[in-house]
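Survey of secondary and tertiary structure
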Amino acid sequence: MIKQLSVFVQNEVGSLAGVTSILKENNINLKAIASFDTPEFAILRIVVDQPDKAKILLAENGYAVKITEAVAVELEDVPGTLNGMLTVIAEANLGINYIYSIVIRHKKAPLIIVNTDNLEKTVTVLRENGYLVADQEDL
Amino acid sequence: MIWAKEETLSRNEIEEIQLSRLQEVVRRIYEKVPAYRKKMDQQGIKPDHVKSLSDLKNMPFTTKQDLRDNYPFGLFTVSKKELVRIHASSGTTGKPTVVGYTRNDMKIWTECVSRIAAMGGTTDDDVAQICFGYGMFTGALGLHYGLENIGASVCPTSSGNTQKQIMYMKDFGTTLLVATPSYALHIGEVARQMGFDPAKDLKVKIGLFGGEGMTEAMRQEMYKLWGQDMKVTQNYGMSELIGPGVSGECLELCGMHINEDHFIAEIIDPETEEVLPPGEKGELVISCITKEALPLIRYRTRDITRLMYEPCKCGRTTVRMENLSGRSDDMLIIRGVNVFPSQIEEVLLKVPEIGAHYEIIVDRKDHLDTMEIKVELADESLLDSYAKLGELEHRIKSKIRVILGIDASIKLVAPRSLKRFEGKARRVTDLRTNML
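In short, a report on the structure. (Residues numbered from 1 in each chain as written. Chains lettered and ligands numbered in written order. Predicted model: local features only at pLDDT ≥ 70, side-chain atom pairs only at ≥ 80, totals over all residues. Heavy atoms only, no water.)

Digging into the overall build of chain A
Across its full length, chain A carries four helices and seven strands. Computed over C-alpha atoms, the radius of gyration of chain A comes to 16 Å, within 12% of the 14 Å expected from 2.2 N^0.38 for 139 residues, which places it in the range of a compact globule. Taken along the three principal axes of its C-alpha coordinates, chain A extends 45 × 35 × 25 Å. Classification of the 139 residues of chain A by burial places 45% in the buried group. Sequence-distant contacts, at least 24 apart, represent 68% of the contacts inside chain A between residues at least 6 apart. Carbon and sulfur atoms make up 51% of the accessible area of chain A, which amounts to about 7300 Å² in all. Distance between charge centroids for chain A: 5 Å, based on 12 positive and 18 negative side chains. (Helix = DSSP H or I, 4+ residues; strand = E, 2+ residues; numbered from the N terminus. Rg over C-alpha atoms; globule rule 2.2 N^0.38 Å. Buried < 20%, exposed > 50% of the residue type's maximum accessible area, 1.4 Å probe, protein only. Contact = heavy atoms within 4.5 Å. Areas by Shrake-Rupley, 256 points an atom, 1.4 Å probe, with all protein chains shown as cover. Lys, Arg positive; Asp, Glu negative; His and termini not counted. Charge placed at Lys NZ, Arg CZ, Asp CG, Glu CD.)

Regarding the sheet that holds strand β3 (residues 127-130) of chain B
Residues and elements named next belong to chain B. The mixed open sheet is built from nine strands, whose spatial order is β4-β3-β5-β6-β7-β8-β9-β14-β13. Looking along the sheet, the strands with just one partner apiece sit at the ends: β4 (153-155) and β13 (307-308). Here four bridges tie strand β5 (residues 176-179) to strand β6 (residues 206-209), and the two strands are oriented parallel to one another. Note on β6: the bridge partner recorded for A179 is F209. With respect to the sheet, helix α9 (residues 216-226) is in contact with β5, β6, β7 (231-238) and β8 (243-249), its orientation differing from that of β7 by roughly 135 degrees. (Pairing = 2+ DSSP bridges. Axes fitted to C-alpha atoms, helices over the stretch in contact; angles between N-to-C directions.)

Points about the packing of α9(B) against helix α10 (residues 341-349) of chain B
Residues and elements named next belong to chain B. Where α9 meets α10, the axes come as close as 8 Å, and the angle between the chain directions of the two elements is 40 degrees. When the axes of α9 and α10 are compared, the pair comes out oblique. Listed contacts from α10 to E216, A217, M218 and E221 of α9 are E345, E346 and L349. When the residues that make up the contact of α9 with α10 are grouped by side-chain class, the tally is three nonpolar, no polar and four charged. (Parallel < 35°, antiparallel > 145°, perpendicular 65-115°, else oblique. Nonpolar A, V, L, I, M, F, W, Y, C, P; charged D, E, K, R; others polar.)

These figures capture arrangement, not role.
Now the structure itself:
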């Protein structure tokens, strides 16, 4: 599994840039980012190359941040692969809370990041069905 | 320790002193202050009508408006030449209220503050850092003189520049902190951000807090930040009466002992202005019976409390006033319900997932009052899902509903994003004032 950061951000102009500027100033590479339209505040999810360092820096700058594990699955860029993976998860009776992706990887296939209520079981069923589940060092 | 023998007199002894001092001061203001003479004449009261302490209730009240109407020195009983100190209130609206002290008033003030500081555990071994703003505000210099009189080493750091405050605390080995409770919490937070644990890395073991009320929940926050063994007391006063020094908590923490040989306390119903029986809650009214320059009689403090006359375990016999329940002029009326911000604070400080700072915004939409409460998220573990954050908002909302009987909308904001105050906290914004 990989590490993702969940950051509390307020719904106001410049709040995402506030997070990314701290990462940039400290030379931390952002691999993936996800946030959706919510009325008051948002949980911003990011994947970076140095998650522990990023957490400390963000916390020092007043952000509420949490590191959690996430399942990242390597998917070939051909029609139907995402559908195959989602079917495996559904057949294992696991609900998906959210999903986003890492598209740019040097000479490697994109990664889909998926969150369910049972991450261990998700990894197991995906591996049993031949999916490649990435670890932090695979990023 | 008990600083003065006047703190342990019997009720009869104290009342005897109060009556003779009251009679003297009523005579003096009648002779020397035209505004008082006019008010007393209008009510048909002469100085010799005050034959017992219960006759005090026939005297006219004094209000902040009287001080404004007689700005700056109209209610003084002495000439300007006899003053050795002039202060003014923070007065957020209109003209400030001006107060003055003769040399003897300064002695009384210093004595009153020394008593309160001693009640809170101060000794001549303490290094006291005064983080109240100096200047026209009475808080800083009042504590300054009282603590010096005990023999503590006083550092007049004033308010602001919090990182430097913490540096002094560390380098001087400060043992005693004087601040508003909200600023003390802020200093503790900043110390943590700087990488110190205030409980372990600093020597502060006494907090003498004032300038604004401190709720019990705030006191618990204080222990969490500054250490469980900190002696956390609050004291009470206002510039119109003397400044700090009217009353203070002893280490039994069962109300604030009033310096009764200098001040007579009454509780009235703020609406009917009738004196209420001992133990009932209402507005505190104070008469100054020893001051020379500005001895206000029956001053309407607007603070809501009740008085407890039973002797205290600490050995003092002076009457105690309960922690303030609010101010009669701070009270918000929301959809017809009386709401004191302190009630909301009590609820919020018991929710561990949020920080100690908050903001209340009252508004009116479609002729209905609305209340929004902004709180800072402190517990990162809730960032797993919107559901957990939503549950937190919902839980705070229902606790507020249980206490106040009205609905508030709860808005979670980022840690450290709400305004911090170095003096009195202003946490309520009422946007309804200009509406019908």
